[in-house]
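# Topology and contacts: notes
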Amino acid sequence: MKLHWQIFTALVLGAGCGILFPGAVPAVSWIGVLFMNALSMIIVPVIFFSIVTAIAGFREKGESLKKLGIRTVIYYVVTMLIAILTGLSLVNLIKPGRNVQVGNIAVLPDNLTAATSLQDIIVGFIPKNIFYAFTQNNTLPVILIAFLIGLNLSKISAEGRQSLTSLFKGGLELTLRIMKIIIRLSPIGIFAIVAAPFGATNDFRTLIQTILLYFLTVAGGLTIHTFVWLPLLLRFGYRVKPGQHLKNMLTPLLTAFSTASSGATLPLTMYAVEHKDGVSAKITNFTIPLGAAINMDGTALLECVAVIFIAQAYGVELSVVQQILIAFTSLLCAIGAAGIPMAALVMMTLILNVLELPLEGIGLVIGVDRILDMMRTAVNVYGDTCVAVMVAKSEGEKLGIDR
């Protein structure tokens, strides 16, 4: 049985266990804690190694493509920010977690107190001790350190660069192998995680309605980003026909939706952008693979909505500064998370760690993650194609979708 069917079975059994045998939930809850601890244990090294290798790889390409590389990354960051702001707006407007209370945080951690300011967050970026940041899962300093190492790796001697690049690539390969072992065991952990919220409430109808409202919030954000913001950018910013572009991209988008894999769609995406839209091979061969590595419009949007939804369900009111922190962390993590198995779950765990929110809250959203995974993958791929068009037009190319 494929992993996603195993996870689906675990979801159904976990919900059933929580509803029918609430007294048995404490007996299995430790399994969920064990799974989340394992995920939390590996999250920092995976993100560290993935960001270092992604930035270092981009630096190598950037040296040869210079202005084109910088422009492409800026466009990707802008589209991800638009997606994140769309998600933040919708989750604050709809408040999908307001009608359910799955638990209470007796003492708010420092990251969730009203006294937390933007200045506190900025100061927290620089750790007093680099090893303390790693051992305490202090994620933001680790991300900053990874960026600094990746950006400066290409500037050291050839011998040192080669040795360190091999070390970081080997570290990424090793941590991903450990991650895959944890992911293989995820159905057992997810069974226990899902049982907890269903066992903790007597109002199952409200809980299911709340999860459905969360699903519709994310789906609505993905729809707005795909069919409103990106087409407006193409039409008025670069004077191309967004409808024709979308039609040209139907094959890779449908493939991305059905497989939930942007990597598997890469050849189809590159073919459609080059041969249907008319983008040059030079720009296509650079922007699309780079987008598959660093651009995650749909995933970044989902993470913001999911984390704030979990906070709402636990009765935590997040300030504007804390929501900016969520957006910023989502953006930074997206740079290196594309190649990580179950990247959305990994990023969600990381952001919850940053805010010190209960990791068990993932049980509220994991049940609808499969269909959202298919949707956000299609949005990620569509964002890649739009940026390829933007870069081509900014380079003065004539396309087959010009107005």
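The text that follows walks through the structure, step by step, so that each part is easy to find.

## Digging into the overall build of the protein chain
Summing up its helical and strand segments, the protein chain has 18 helices and zero strands in all. Scored against the burial criterion, the 403 residues of the protein chain give a buried share of 53%. Counting contacts in the protein chain only where the partners sit at least 6 residues apart, residues at least 24 apart contribute 83% of the total. When the accessible area of the protein chain is evaluated, it comes to approximately 17,900 Å², of which 65% is carbon and sulfur surface.

## Concerning the pattern of salt bridges
Taken as a whole and assessed by the stated rule, the structure comprises four salt bridges. A salt bridge links Glu395 to Arg71; its shortest N-O distance comes to 2.5 Å. Of this pair, Glu395 sits in the segment after helix H18 (369-394) while Arg71 sits in helix H3 (residues 67-94), placing them 324 residues apart in sequence. Taking the shortest distance from any N to any O, the salt bridge between Arg376 and Asp373 comes out at 3.4 Å. Taken together, the residues span about one helical turn, with Arg376 and Asp373 both in helix H18 at a distance of three residues. A network of salt bridges, in which partner residues are shared, links Asp369, Asp373 and Arg376.

## A few points about H18
For H18, built from 26 residues, the straight-helix expectation of 38 Å at 1.5 Å per residue is met to within 8% by its first-to-last C-alpha distance of 36 Å. For H18, a buried count of 22 out of 26 residues is recorded, marking the element as mostly surrounded by other parts of the structure. Just downstream of H18, Gly396 is the residue with a positive phi angle, here 85°.

## Here we look at unusual backbone geometry
You will see that Lys95, though not glycine, has its phi angle at about 50°, which is positive. Turning to its location among the elements, Lys95 is positioned in the loop between H3 and helix H4 (118-123). Its identity is not glycine, yet Arg239 carries a phi of approximately 55°, on the positive side.

## Considering the packing of H3 against helix H9 (residues 204-238)
One can describe the packing of H3 onto H9 by two numbers: an axis separation of 9 Å at closest approach and a directional angle of 140°. Considering their axes alone, H3 and H9 lie oblique with respect to each other. Considering only the axes of H3 and H9, their crossing is right-handed. Counted together, Tyr75, Thr79, Ile82, Ala83, Thr86, Leu90, Val91 and Ile94 of H3 and Leu213, Thr217, Gly220, Gly221, Ile224, His225, Trp229, Leu230, Leu233 and Tyr238 of H9 form the full contact between these two elements.

## Quick look at a nonpolar patch on the surface
A surface patch of nonpolar side chains, amounting to about 510 Å² of accessible area, comprises Phe227, Val228, Trp229, Leu232 and Phe236. Here Leu232 shows up in helix H9.

## Here's the deal with H9
Helix length check: H9 (35 residues) gives 49 Å between terminal C-alpha atoms against 51 Å at 1.5 Å per residue, within 8%. Maximum bend of H9: about 35°, positioned at His225.

## Focus on the packing of H9 against H18
Running from amino to carboxyl end, H9 crosses H18 at an angle of 10°, the nearest separation of the two axes being 11 Å. Considered as vectors, H9 and H18 are oriented roughly parallel to each other. Contact with H9, carried on its side by Tyr214, Phe215, Val218, Ala219, Leu222, His225, Thr226, Leu230, Pro231, Leu233, Leu234 and Tyr238, involves Ile371, Leu372, Met375, Arg376, Val379, Tyr382, Gly383, Cys386, Val389, Met390 and Lys393 of H18 and no other residues of that element. Residue composition of the contact of H9 with H18, grouped by class: 18 nonpolar, three polar and two charged.

## Remarks on the nonpolar core
Tyr214 and Met348 are the most contacted members of the largest nonpolar core, which has 91 residues in total. At 14 residues, helix H2 (residues 25-65) tops the list of elements feeding residues into this core. In contact with Tyr214, not counting residues within four places along its chain, are Pro96, Leu302, Val305, Ala306, Phe309, Val365, Val368 and Leu372. The next biggest cluster of nonpolar side chains, apart from the first, holds 29 residues, and it includes Leu68, Ile294, Val387 and Met390.

## Some thoughts on the side chain of Thr377
You can see Thr377 is positioned in helix H18. Given the relative accessible area of 5%, Thr377 is considered buried. Once residues within four sequence positions are removed from consideration, Thr377 is found in contact with Ala256, Ala260, Ser261 and Ser262.

## So, the side chain of Gln323
Its location among the elements puts Gln323 in helix H15 (residues 320-337). The buried category is assigned to Gln323, whose relative accessible area is 12%. At a separation of 2.7 Å, a polar atom in the side chain of Gln323 contacts the side chain of Asn92. At a separation of 3.3 Å, a polar atom in the side chain of Gln323 contacts the main-chain carbonyl oxygen of Leu318. Excluding residues within four positions of it along the chain, Gln323 makes contact with Leu88, Asn92, Ile308 and Leu318.

Basis of the calculations
- Residues numbered from 1 in each chain as written.
- Predicted model: local features only at pLDDT ≥ 70, side-chain atom pairs only at ≥ 80, totals over all residues.
- Heavy atoms only, no water.
- Helix = DSSP H or I, 4+ residues; strand = E, 2+ residues; numbered from the N terminus.
- Buried < 20%, exposed > 50% of the residue type's maximum accessible area, 1.4 Å probe, protein only.
- Contact = heavy atoms within 4.5 Å.
- Areas by Shrake-Rupley, 256 points an atom, 1.4 Å probe, with all protein chains shown as cover.
- Salt bridge = Lys/Arg side-chain N within 4 Å of Asp/Glu carboxyl O.
- Expected span 1.5 Å × (residues − 1).
- Axes fitted to C-alpha atoms, helices over the stretch in contact; angles between N-to-C directions.
- Parallel < 35°, antiparallel > 145°, perpendicular 65-115°, else oblique.
- Left-handed = near helix turned anticlockwise from the far one by under 90°.
- Patch = residues over 30% accessible without salt bridge, like charges linked within 9 Å, V, L, I, M, F, W, Y side chains within 5 Å.
- Bend = angle between axes of the 7 residues up to and from the residue.
- Nonpolar A, V, L, I, M, F, W, Y, C, P; charged D, E, K, R; others polar.
- Core = buried A, V, L, I, M, F, W, Y, C linked by side-chain atoms within 4.5 Å.
- Polar contact = N/O pair within 3.5 Å; in protein donor to acceptor, adjacent residues only side chain to side chain.

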